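# Report on the structure
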Amino acid sequence: MSEGKAKARVVQPGGWLGLLGGGQLGRMFCHAAQSMGYRVAVLDPIADCPAGAVADLHIRAGYDDEAGLAQLAERCAAVTTEFENVPAASLEKLALRCQVSPAAGAVAIAQDRIAEKGYIASIGVPVAPYAEIRAEADIAAAPASLYPGILKAARLGYDGKGQARVESAEQARAAFASFGNVPCVLEARLPLEFEISVVVARGFDGEVVTYPVSENVHRDGILAISTVPSPRASEDIVRRARAAALQVAAGLEYCGVLCVEFFVLPGDRLIVNEIAPRPHNSGHYSIDACVTSQFEQQVRVLAGQPLGSSDALAASVMLNILGDIWFQAGEQAAEPAWGRALQASTAKLHLYGKTEARRGRKMGHVTCLGADRAQAERSAAQVAAALGIAYP
């Protein structure tokens, strides 16, 4: 992509900001924008979506609905997105009428694993060995060194969906067929030691900050725990991860909030797992533990305002709350023991306003703060015991 700095249109508080997507990330964006005096219009087709419930205007329409997009562009001076699977074409249309962050080109790369891995490798940042799988013949041609591996659908996969662990070409062919023969990547499984992520905020003028590195634990493909500072990442790993994340953002000429997820391998080798062109679950700790949250940073970039400090004010452990904890006594949903959890005095509860708890569904999170990591971990253990969440 070409170099150079874009000039942002400054949207002053009191103005309208637009959002494609009505999930919990959008809800937290709304809270941050409204606290700064902005009004928010959300475009989402679901009536009771988390962001729509708190937005100043909810436009009930699909992400490619021409009338809905026109209404959003007419009302808002600038528009962002809360998830990567919105049509890039919709962002392109909006960009003809208002300021858009991130740009359609960057989102298009991040929403396609084939394009994403190709881009990251092209700028010299390591990724796992992989092969593009567009037809069954590509599986036969893939090197044996990719097994055991993971077959991942190139598009529309998140939280472990659209992925299958495969031990052989035969299993890869079966998984490919089960995905409907859609384009995929076949990626070698590597000896993972732990996972980390870096959230980057980058303005239209090239101003950039990174957040403290989070160490993440996933269960069944869904983020369970994020700890800051990372218990195992050395200063050198942190330095290299931040540098690689900045390289990814700069190469995309990215404007907005971006998360880069890394695998740490034996010998402190770092490879990029994937990127997310939006605030990220592993950055939720920043709401309570940093000077400026990732969501406020998203608002600042979109509105053409200066970035805020990303410095940590406290150590933190974030626990994801899944719908499973409503069903610990059986199939009848029962309200979790919030009062017991909040007996941990440094715990900060965030629920997303979803009307129905389901197993595996993200319902909220709790961030446990501490003067140091040990204190945050003690608080997290107390909350986890109260809610029936496995920790660590």
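Keep in mind that this is a model prediction, so the values were computed, not measured.

Looking along the chain, the bond that leaves Tyr 147 and enters Pro 148 is cis, with omega of -5°. With respect to the secondary-structure elements, Pro 148 resides in the loop between helix H6 (136–141) and strand E7 (149–153). Backbone geometry at Asp 220 places phi at a positive 55°, although glycine is not the residue there. With relative accessibility at 78%, the residue Asp 220 sits in the exposed group. Although it is not a glycine, Asp 268 adopts a positive phi angle of roughly 60°. Relative to the helices and strands, Asp 268 resides in the loop between strand E14 (256–265) and strand E15 (269–276).

Relative orientation of the contacting elements helix H1 (residues 24–35) and helix H10 (residues 294–302) amounts to 70°, with a least axis distance of 8 Å. Compared by their axis directions, H1 and H10 come out roughly perpendicular. Once H1 is placed against H10, the crossing between them reads as right-handed. In this structure, H1 contributes Leu 25, Met 28, Phe 29, Ala 32 and Ala 33 to the contact, and H10 contributes Phe 295, Glu 296, Gln 298, Val 299 and Leu 302.

This part is about the packing of aromatic side chains. All told, the structure shown has 2 aromatic pairs when counted by the stated rule. With a centroid separation of 5.6 Å and 65° between ring planes, the pair formed by Trp 326 and Trp 338 is classed as edge-to-face. Linking Trp 326 in the loop between strand E16 (315–322) and helix H11 (338–341) with Trp 338 in helix H11, this pair joins segments that are 12 residues apart in sequence. Like Trp 326, the residue Trp 338 is buried in the burial classification. Arg 75 extends its terminal NZ or CZ atom over the ring of Trp 16, reaching a point 4.7 Å from the ring centre. In this arrangement the basic side chain of Lys 117 is found over the ring face of Tyr 130, its NZ or CZ atom lying 5.8 Å from the centre.

So, on to helix H3 (residues 88–95). Residues Ala 88, Ser 90, Leu 91 and Leu 94 constitute the buried set of H3. All buried residues of H3 lie within an arc of 155° about the axis, which places them on one face of the element. In this structure, the buried side of H3 is in contact with strand E1 (16–20), helix H2 (66–75), strand E4 (78–81), strand E5 (99–100) and helix H4 (104–110).

Take the pairing of E1 next. Most of E1 sits out of view: 5 of its 5 residues are buried. Neither face of E1 is open: one carries Trp 16, Gly 18 and Leu 20, the other Leu 17 and Leu 19, and all of them are buried. Direction of pairing for E1 relative to strand E2 (residues 39–43): parallel, over a ladder of 5 bridges. Of the residues in E2, the one forming a bridge with Gly 18 is Ala 41. Handedness of the E1-H1-E2 crossover: right-handed. For E1 and E4, the ladder comprises 4 bridges, and the chain directions are parallel. Its bridge partner being in E4, Gly 18 is matched across the sheet by Val 79.

Turning our attention to the sheet that holds strand E6 (residues 130–133). Strands sit in the order E6-E9-E7-E8 across an open sheet of 4 strands; the sheet is antiparallel. Two strands close off the open sheet at either side, each with one partner strand: E6 and strand E8 (163–166). In this sheet, adjacent strand axes meet at a mean angle of 20° when their direction is disregarded. Strand direction decides the pairing type here: E6 and strand E9 (residues 184–188), joined by 4 bridges, are antiparallel. Bridge assignment links Tyr 130 to a residue of E9, and that residue is Glu 187. Each of E6, E7, E8 and E9 touches helix H5 (residues 113–122); the most contacted strand, E9, lies at about 50° to it. Across the sheet, helix H7 (residues 169–178) is in contact with E6, E7, E8 and E9; its angle to E8 comes to roughly 165°.

In this section: the sheet that holds E5. The strand order across the open sheet formed by 5 strands is E3-E2-E1-E4-E5, and the pairing between neighbours is parallel. Looking at which strands have only one partner, the edges of the open sheet turn out to be strand E3 (57–59) and E5. Its contacts with the sheet place H10 against E1, E4 and E5, and it is angled at close to 145° to E4.

Attention shifts here to the nonpolar core. Grouped together as the largest cluster of nonpolar side chains are 29 residues, with contacts concentrated most on Ile 196, Leu 252, Val 260, Phe 262, Val 272 and Ile 275. Of all elements in the fold, only H4, H5, strand E10 (194–202), helix H8 (235–251), E14 and E15 reach the threshold of two or more residues within this core. Leaving out residues up to four positions away in the same chain, Val 260 has contacts with Ile 196, Ser 197, Val 198, Ala 245, Val 248, Val 272, Glu 274 and Ile 275. Residues Ala 224, Trp 338, Ala 341 and Leu 387 belong to the second largest nonpolar core, which totals 24 residues.

Below, the discussion takes up the pattern of salt bridges. Under the counting rule described, the total for this entry stands at 15 salt bridges. In this structure, Glu 132 and Arg 134 form a salt bridge, with 3.4 Å as the shortest nitrogen-oxygen distance. With relative accessibility at 37%, the residue Glu 132 sits in the partly exposed group. The partner of Glu 356 in a salt bridge is Arg 358, with the nearest N and O atoms 3.6 Å apart. Classification of Glu 356 by relative accessible area gives partly exposed; the value is 43%.

How each quantity is defined
Residues numbered from 1 in each chain as written. Predicted model: local features only at pLDDT ≥ 70, side-chain atom pairs only at ≥ 80, totals over all residues. Heavy atoms only, no water. Helix = DSSP H or I, 4+ residues; strand = E, 2+ residues; numbered from the N terminus. Buried < 20%, exposed > 50% of the residue type's maximum accessible area, 1.4 Å probe, protein only. Axes fitted to C-alpha atoms, helices over the stretch in contact; angles between N-to-C directions. Parallel < 35°, antiparallel > 145°, perpendicular 65-115°, else oblique. Left-handed = near helix turned anticlockwise from the far one by under 90°. Contact = heavy atoms within 4.5 Å. Phe/Tyr/Trp six-rings, centres within 6.5 Å; stacked < 30°, edge-to-face > 60°. Lys NZ or Arg CZ within 6 Å of the ring centre and 35° of its normal. Arc of directions from axis to C-beta. Pairing = 2+ DSSP bridges. Right-handed = clockwise from strand over helix to strand, strands pointing away. Core = buried A, V, L, I, M, F, W, Y, C linked by side-chain atoms within 4.5 Å. Salt bridge = Lys/Arg side-chain N within 4 Å of Asp/Glu carboxyl O.

Taken by themselves, the reported measurements are silent on function.
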